Amino acid sequence: MEVKAFARYIRMTPRKVRLIIDMIRGKRVLEAETILKFTPRLAAKPVLKLLKSAAANGKNNFKLDEANLFIKKITADQGPMLKRFRPRAFGRAGMIKKRMSHITIILEEMTPKVVKAKKEVVKNK
């Protein structure tokens, strides 16, 4: 059973968010929460909030055990940009792009079949 959660219009660049989500991709939910709690980057806070939301969705909507959930897929995509201008020399203007992110997370329940497939992928690397 797949559980999805979305965070849209996060006022952070996707490049900075991807640094955080790369650390937790493929990990169990409880392990990922621990990693995010002790990560000093600002992007860890909205990712942690989204992870908790997805785990709560699985627990309340699908009656899944939170200890058996792992992160199947997590992405940070580009959202709309706010375009602002900064005055520059000789009457010119320089454009500032304030970027936004859309974060998507998909959790799946660990089953013996999934655990076996995960171990085979690790062996092949």
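Refer to the structure above for everything that follows.
Residues numbered from 1 in each chain as written. Predicted model: local features only at pLDDT ≥ 70, side-chain atom pairs only at ≥ 80, totals over all residues. Heavy atoms only, no water.

1. Topic: the environment of Lys27
Then, in step 1: For Lys27, the position within the fold is in the loop between α1 (14–24) and α2 (29–37).
Then, in step 2: Once residues within four sequence positions are removed from consideration, Lys27 is found in contact with Ile35, Phe70 and Ile71. (Helix = DSSP H or I, 4+ residues; strand = E, 2+ residues; numbered from the N terminus. Contact = heavy atoms within 4.5 Å.)

2. What about the sheet that holds strand β2 (residues 69–78)?
Then, in step 1: Taken in spatial order, the three strands of this open sheet run β1-β5-β2, and their pairing is antiparallel. Among the strands making up the open sheet, the edge pair consists of β1 (2–10) and β2. Adjacent strand axes in the sheet meet at a mean angle of 15°, parallel and antiparallel pairs treated alike.
Then, in step 2: Sheet analysis places β2 next to strand β5 (residues 101–109), joined by nine bridges and oriented antiparallel. Residue pairing for β5: Leu69 is matched across the bridge by Glu109.
Then, in step 3: Set on the sheet, helix α3 (residues 44–62) makes contact with β1, β2 and β5; between it and β1 the angle comes to about 145°. (Pairing = 2+ DSSP bridges. Axes fitted to C-alpha atoms, helices over the stretch in contact; angles between N-to-C directions.)

3. A short note on the environment of Lys4
Then, in step 1: Inspection of the secondary structure puts Lys4 in strand β1.
Then, in step 2: Distance from Lys4 to Ser53, taken between C-alpha atoms, is 9.2 Å for residues 49 residues apart in sequence.

4. Remarks on α3
Then, in step 1: A rise of 1.5 Å per residue sets the reference length of α3, with its 19 residues, at 27 Å; its end C-alpha atoms lie 26 Å apart and thus fit the reference within 8%.
Then, in step 2: For α3, the set of buried residues is Ala44, Pro46, Val47, Leu48, Leu50, Leu51, Ala54, Ala55 and Gly58.
Then, in step 3: The inward-facing, buried residues of α3 contact β1, α1, α2, β2 and β5.
Then, in step 4: One or two residues past the end of α3 sits Lys63, with phi positive at roughly 55°. (Expected span 1.5 Å × (residues − 1). Buried < 20%, exposed > 50% of the residue type's maximum accessible area, 1.4 Å probe, protein only.)

5. Looking at the side chain of His102
Then, in step 1: Structurally, the position occupied by His102 is in strand β5.
Then, in step 2: A distance of 3.2 Å separates the side chain of His102 from the backbone nitrogen of Tyr9, its partner in a polar contact.
Then, in step 3: Leaving out residues up to four positions away in the same chain, His102 has contacts with Ala7, Arg8, Tyr9, Thr75, Ala76, Asp77, Gln78, Gly79 and Pro80. (Polar contact = N/O pair within 3.5 Å; in protein donor to acceptor, adjacent residues only side chain to side chain.)

6. What about the pattern of salt bridges?
Then, in step 1: A complete count under the given rule lists three salt bridges for this structure.
Then, in step 2: For Arg25, the salt bridge is made with Asp22, and the minimal N-O distance between the two is 2.7 Å.
Then, in step 3: The exposure class assigned to Arg25 is partly exposed, which follows from its relative accessible area of 40%.
Then, in step 4: With a closest N to O distance of 4.0 Å, Lys72 and Glu108 form a salt bridge. (Salt bridge = Lys/Arg side-chain N within 4 Å of Asp/Glu carboxyl O.)

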